[in-house]
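# Fold and contact review
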Amino acid sequence: MDFDFEMLPPSDRYRLLCSFVAPRPIALVTTIGEDGTPNAAPMSFFNVFSQDPPILILGIQTKLDGTEKETIRNIRRTGEFTVNMCDMKIAQQMVDCGINFPDAVDELAMTGLSHAPPIKVGPPRVAEAPAAMECRISQIIDYPRRAIVLGEVVQMHVDDACLDDAGRYVRPENYQPVARLHADNYIVSDSQFVLTASQALKSANGS
């Protein structure tokens with residue numbers, strides 16, 4: 001099948017893109033509301049795009065009525081956010097943080113998660129998260145119904161159990177992030193394998 005994205009309705013483009021660009025890592029993004037209340041929202045339009053500078057990207061869609069969600073409003077106002085990675089231990093709470101609570105509600109407290117103090121930004125990290133990255137805005141690209149946020153990582157916290165003793169390499173038996181497939185379907189990276197380039201082809205190429 002072929003699909004003309006210049007003619008396809010946005011809902012069909014969303015369905016196809018999200019079904020085939022998968023699995024996608026999930027960012028549980030924490031921000032600070034205008035009244036000082038922490039906010040938390042899960043996002044699967046998220047990934048890392050650079051290490052120098054260290055850039056994470058979020059894609060934040062508007063509400064159905066076209067108004068901006070609390071997360072992007074908070075990011076614009078403060079210039080800061082924290083990305084918390086999610087594993088099976090906090091998967092249900094991550095999904096529950098996506099409920100459309102009023103702005104004054106602290107989603108972390110509502111779902112039973114805990115705040116941990118940040119080091120360089122205002123938004124707290126999730127204490128139970130295996131890893132968290134404190135970010136400041138690098139750039140925001142605005143489209144009519146979506147904001148693309150480029151955030152520069154200024155501080156990272158990693159659970160000691162997720163790294164080897166030297167603090168260099170991840171322990172795959174301990175860090176198994178949850179990722180989104182499509183609709184309400186998720187996957188966890190608990191079946192990893194090692195795959196390297198063909199030695200014969202590398203030798204033929206003089207590598």
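On a predicted model such as this, the values are computed, not experimentally measured, just so you know.

What the seven strands build is an open sheet, ordered β3-β2-β6-β9-β10-β5-β4; its pairing is antiparallel. Pairing within the sheet leaves two strands with one partner each, and these edge strands are β3 (38-43) and β4 (46-51). Here the average twist between neighbouring strands, direction ignored, is 35°. Where β4 and strand β5 (residues 54-61) come together, five bridges link them in antiparallel fashion. For F46, the partnering residue across the bridge sits in β5 and is L58. Lying on the sheet, helix α2 (residues 70-78) is in contact with β2 (27-32), β3, β5, β6 (80-85), β9 (131-143) and β10 (146-158); it crosses β2 at an angle near 55°.

The strand order across the open sheet built from three strands is β1-β11-β12, with neighbouring strands paired in antiparallel fashion. The sheet is open, and its two borders are formed by β1 (24-25) and β12 (186-188), each paired with just one other strand. Sheet analysis places β1 next to strand β11 (residues 178-180), joined by two bridges and oriented antiparallel. Bridge pairing in β11 places P25 opposite A179.

If you look at the biggest cluster of nonpolar residues, it comprises 21 residues, and the most contacted ones within it are L58, F81 and V83. Listing elements by their share of this core, those giving two or more residues are β2, β3, β5, α2, β6, β9 and β10. With 13 residues, the next largest nonpolar core counts A40, I90, A91 and C97 among its residues.

This brings us to the state of the cysteines. Tallying each qualifying case throughout the model produces zero disulfides. In this structure C97 is not part of a disulfide, and its nearest cysteine sulfur, from C86, lies 8.4 Å away. The structure places no disulfide on C135, whose sulfur is separated from the nearest cysteine sulfur, that of C86, by 14 Å. Classification of C135 by relative accessible area gives buried; the value is 0%.

A grouping of M1, F3, F5, L17 and V21 is seen on the molecular surface, where their side chains present a nonpolar patch of about 550 Å² in accessible area. Mapped onto the elements, L17 comes out in helix α1 (residues 10-20).

Quick look at α2 now. All buried positions along α2 are accounted for by E70, T71, I72, N74 and I75. Positive backbone phi, approximately 75°, marks G79, located one or two places after α2.

In this model, A22 is joined to P23 through a cis peptide bond whose omega is 0°. Position of P23 among the secondary structure elements: in the loop between α1 and β1. Of note, the bond from D52 into P53 is cis; its omega dihedral lies within 30 degrees of zero at 5°. Within the element layout of this structure, P53 appears in the loop between β4 and β5.

What follows is about the environment of R146. Along the chain, the position of R146 falls in strand β10. Taking C-alpha positions, R146 is 13 Å from D65, a pair spaced 81 residues apart along the chain. In this view, R146 contacts F45, G59, I60, Q61, T62 and I141; residues no more than four positions away in its chain are not counted. A polar contact of 3.0 Å, which involves the side chain of R146, links it to the backbone oxygen of G59. Within the structure, R146 has its side chain in polar contact with the side chain of Q61 (distance 2.6 Å).

In this structure the tally under the stated criterion is five salt bridges. Across the pair R76 and E68 runs a salt bridge whose closest N-O atoms are separated by 2.8 Å. Residue E68 is classed as partly exposed on the basis of its relative accessible area of 27%. Here R76 ties to D142 by a salt bridge, and the two come within 2.5 Å at their closest N and O atoms. With R76 in helix α2 and D142 in strand β9, the pair connects residues that are 66 residues apart, well separated along the chain. Judged by its relative accessible area of 47%, D142 is partly exposed.

Rules used in this analysis
- Residues numbered from 1 in each chain as written.
- Predicted model: local features only at pLDDT ≥ 70, side-chain atom pairs only at ≥ 80, totals over all residues.
- Heavy atoms only, no water.
- Pairing = 2+ DSSP bridges.
- Helix = DSSP H or I, 4+ residues; strand = E, 2+ residues; numbered from the N terminus.
- Axes fitted to C-alpha atoms, helices over the stretch in contact; angles between N-to-C directions.
- Contact = heavy atoms within 4.5 Å.
- Core = buried A, V, L, I, M, F, W, Y, C linked by side-chain atoms within 4.5 Å.
- Buried < 20%, exposed > 50% of the residue type's maximum accessible area, 1.4 Å probe, protein only.
- Disulfide = S-S within 2.5 Å.
- Patch = residues over 30% accessible without salt bridge, like charges linked within 9 Å, V, L, I, M, F, W, Y side chains within 5 Å.
- Areas by Shrake-Rupley, 256 points an atom, 1.4 Å probe, with all protein chains shown as cover.
- Salt bridge = Lys/Arg side-chain N within 4 Å of Asp/Glu carboxyl O.
- Polar contact = N/O pair within 3.5 Å; in protein donor to acceptor, adjacent residues only side chain to side chain.

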